[in-house]
Structures are given as C-alpha cells and as structure tokens.
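# Reading the structure
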Amino acid sequence: MICDNLAAIRQQIEQAAIQCGRSADAIRLLAVSKRMPLEAVLEAAQCGQLLFGENYLQDALSKIEQADKGLHFHFIGHLQSNKTRQAAEFFQMIETVDRIKIARLLDKHAAHFGKKLDILIQVNVGREAQKSGVLPDKALDLLTQAGQLKNLRVRGLMTMPPYGQDSEASRPWFVRLRQLAEQAAAQHLFFDNKQVELSMGMSGDFMVAIEEGATLIRVGTAIFGTRP
Ligand SMILES: *Cc1c(COP(=O)(O)O)cnc(C)c1O
C-alpha cells in the first residue's frame, strides 16, 4: 500500500517535471511520517524512500533511533528553543527556522556537534496569524543575519500557504516564495545561490508546486494515508 502510493507519486513527479521542462532529479520527495509508527517508515524505506519529514521532536527521535542510519530526516514542525539541541543533533535539515534566536541556538549546537547544519527559512507567505514563519517583508533581514552564522548553511526557503479549495489556490503563494528566493539569491543571501532549495507543496498541491519550482515537496497523507 505505502509502496504503491510511493510509486504513484514518483510517477506524478516525473509527469509534472516533464510538463514544465524540469528534470525530475531536481525534485526531492520528503515523506512526511509525523504521527505514523516506525513500521510505516520502515515500509517506505524498503521501497527506496530514504528521506522523511517529522514535526514532533520526541515522536521523531524514537523513530530516528530505531531506524537504519541510512535514512535522513528533515524537521518540519514548529521548533522551540529547548528542542534546538536535539534538532541539531539528529536531523539533516531544519526547514522551519523563522527567527534569529532559533538560528543562533542551532548554530551553537551545530558547533558543539562539529557539523555544518543545513537549514531553510520558513516564510509565512499568507501572513496568517496562526501560522509560523517569518513575514515576507522580514525574510531578507533574517536571511542576512542567519547567513552570518558559521555553522549553518542556509539552503533556501520553505512555506505552507493558506488553506485553499483546490491546488490552483496555492499557486500564487508558491510564486511568491519563488520570487522571494530569486530576490535573495540575487543578493547572495544563500549558502549556494545557484542551487536554492524551495520546499513547498503537500499531498494536495505538489504538482502545482513543482510547476512553480519546488525542489523539495513534503507529502504525508498521499503516502501513508490519513494520520491517526
Ligand atoms: C503534515 C505536513 C505536511 C504533509 O501534509 P499532507 O497534506 O499530509 O501531505 C507537509 N508539510 C508540513 C509542514 C506538515 O506539517
């Protein structure tokens, strides 16, 4: 079931990429396994899915500890100060940095672990009160500050757009994130300005996200089914 879903999604990624003249290799699928048991992660891993996204630190750590070391995890939840140490230790990327305080803590912990930590800046493109993320007009400032931290590599931007009726409703928000990234890259605000990561698109709208330049799509329900 999980394998069938993964195969179908890989095919859709391929199709969306071809349609807009991109290479499917430039799009990474993050399997969002939040609130799913370890068994679901292992099943996905058996069909070649090695990259996972988790929102809740404790839940994630128990899976990461038990899973094969070849699996990679990105943190995609709201990150609190007191969780930054474990986040820096166990995740390959933190996609949800939205304030300088968190960036500084991650930098400090990354130094302690002797690693360079990949991060994304989460942008609240819809300026929604209930959502995390830096406001679009504050994003370049945060990128500038975070870019000076020696143990972080600011790879790109991430967003979760406002809820929409259909996938097309997400398009303008994805465009907004891409334009912001282009602006920031022109100012050399990323670690690698020629290869900027755009994490956008979920189960309902990842095809549109790919058309608008997503390099990372975060898909949960379409792979694992409805969460418990
Ligand atoms: C849960 C979640 C997803 C996956 O959502 P689905 O609709 O289940 O694909 C993606 N990104 C973030 C940040 C999430 O919290």
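One can find the structure itself at the top, above this paragraph.
Summarised in this report is the structure supplied together with it.

Parameters and conventions
- Residues numbered from 1 in each chain as written.
- Predicted model: local features only at pLDDT ≥ 70, side-chain atom pairs only at ≥ 80, totals over all residues.
- Heavy atoms only, no water.
- Helix = DSSP H or I, 4+ residues; strand = E, 2+ residues; numbered from the N terminus.
- Rg over C-alpha atoms; globule rule 2.2 N^0.38 Å.
- Buried < 20%, exposed > 50% of the residue type's maximum accessible area, 1.4 Å probe, protein only.
- Contact = heavy atoms within 4.5 Å.
- Areas by Shrake-Rupley, 256 points an atom, 1.4 Å probe, with all protein chains shown as cover.
- Phe/Tyr/Trp six-rings, centres within 6.5 Å; stacked < 30°, edge-to-face > 60°.
- Near = heavy atom within 4 Å.
- Polar contact = N/O pair within 3.5 Å; in protein donor to acceptor, adjacent residues only side chain to side chain.
- Nonpolar A, V, L, I, M, F, W, Y, C, P; charged D, E, K, R; others polar.
- Core = buried A, V, L, I, M, F, W, Y, C linked by side-chain atoms within 4.5 Å.
- Axes fitted to C-alpha atoms, helices over the stretch in contact; angles between N-to-C directions.
- Parallel < 35°, antiparallel > 145°, perpendicular 65-115°, else oblique.
- Left-handed = near helix turned anticlockwise from the far one by under 90°.
- Salt bridge = Lys/Arg side-chain N within 4 Å of Asp/Glu carboxyl O.

### Things to note about the overall build of the chain
- Counting its secondary structure elements, the chain contains nine helices and eight strands.
- Its C-alpha radius of gyration of 17 Å places the chain within 12% of the 17 Å reference for a compact globule of 228 residues.
- Counting only C-alpha atoms and orienting by the principal axes, one finds that the chain spans roughly 45 × 40 × 30 Å.
- In the chain, buried positions account for 53% of the 228 residues.
- If you take every contact in the chain between residues at least 6 apart in sequence, the share linking residues at least 24 apart comes to 60%.
- Accessible area for the chain stands at about 10,700 Å²; split by element, carbon and sulfur atoms hold 50% of it.

### Description of the packing of aromatic side chains
- Enumeration according to the criterion identifies two aromatic pairs in this entry.
- With 5.3 Å between their ring centres and 80° between their planes, phenylalanine 75 and phenylalanine 91 make a pair best called edge-to-face. Note that phenylalanine 75 is positioned in strand S3 (residues 72-75) and phenylalanine 91 in the loop between helix H4 (84-90) and strand S4 (93-97), a separation of 16 residues in sequence.

### Examining the site of the ligand
- If you check the shell around the ligand, you find 13 residues, and the closest are Lys34, Asn55, Ser203, Gly220 and Thr221.
- Arginine 218 is positioned with one of its side-chain polar atoms (N or O) 2.8 Å from a nitrogen atom of the ligand.
- Note that an oxygen atom of the ligand is positioned 2.9 Å from one of the side-chain N or O atoms of arginine 227.
- Surface burial for the ligand is 91%, taken as the share of its 390 Å² of free accessible area covered by protein chains.
- Of the residues in the shell around the ligand, the class split is six nonpolar, four polar and three charged.

### So, the nonpolar core
- Ile94, Leu106, Ile121 and Leu157 are the most contacted members of the largest nonpolar core, which has 71 residues in total.
- Look past the residues within four positions of isoleucine 94 in its chain and what remains in contact with it is Phe75, Leu79, Ala87, Leu106, Leu117, Asp118, Ile119 and Leu120.
- In this structure, Leu30, Leu51, Met93 and Leu120 belong to the second largest nonpolar core, which totals eight residues.

### Thoughts on the packing of helix H6 (residues 139-146) against helix H7 (residues 171-186)
- Between H6 and H7, whose axes approach to 11 Å, the crossing angle comes to 45°. Accordingly, the angle class assigned to the pair H6 and H7 is oblique. Regarding H6 and H7, the two cross each other, and that crossing is right-handed. Contacts between H6 and H7 involve Ala139, Leu140 and Leu143 from the first element and Leu180, Gln183 and Ala184 from the second.
- Residue composition of the contact of H6 with H7, by class: five nonpolar, one polar and no charged.

### Re the pattern of salt bridges
- On inspection of all chains with the given rule, the structure shows 13 salt bridges.
- Between glutamate 197 and arginine 28 there is a salt bridge whose closest N-O contact spans 3.0 Å. Of the two residues, glutamate 197 sits in strand S7 (residues 197-199) while arginine 28 sits in strand S1 (residues 28-32), which places them 169 residues apart along the sequence.
- Here arginine 127 makes a salt bridge to aspartate 137, at a shortest N to O gap of 2.8 Å. Of the two residues, arginine 127 is situated in the loop between strand S5 (117-123) and H6 and aspartate 137 in the loop between S5 and H6; the sequence distance between them amounts to 10 residues.
- The exposed category is assigned to aspartate 137, whose relative accessible area is 52%.

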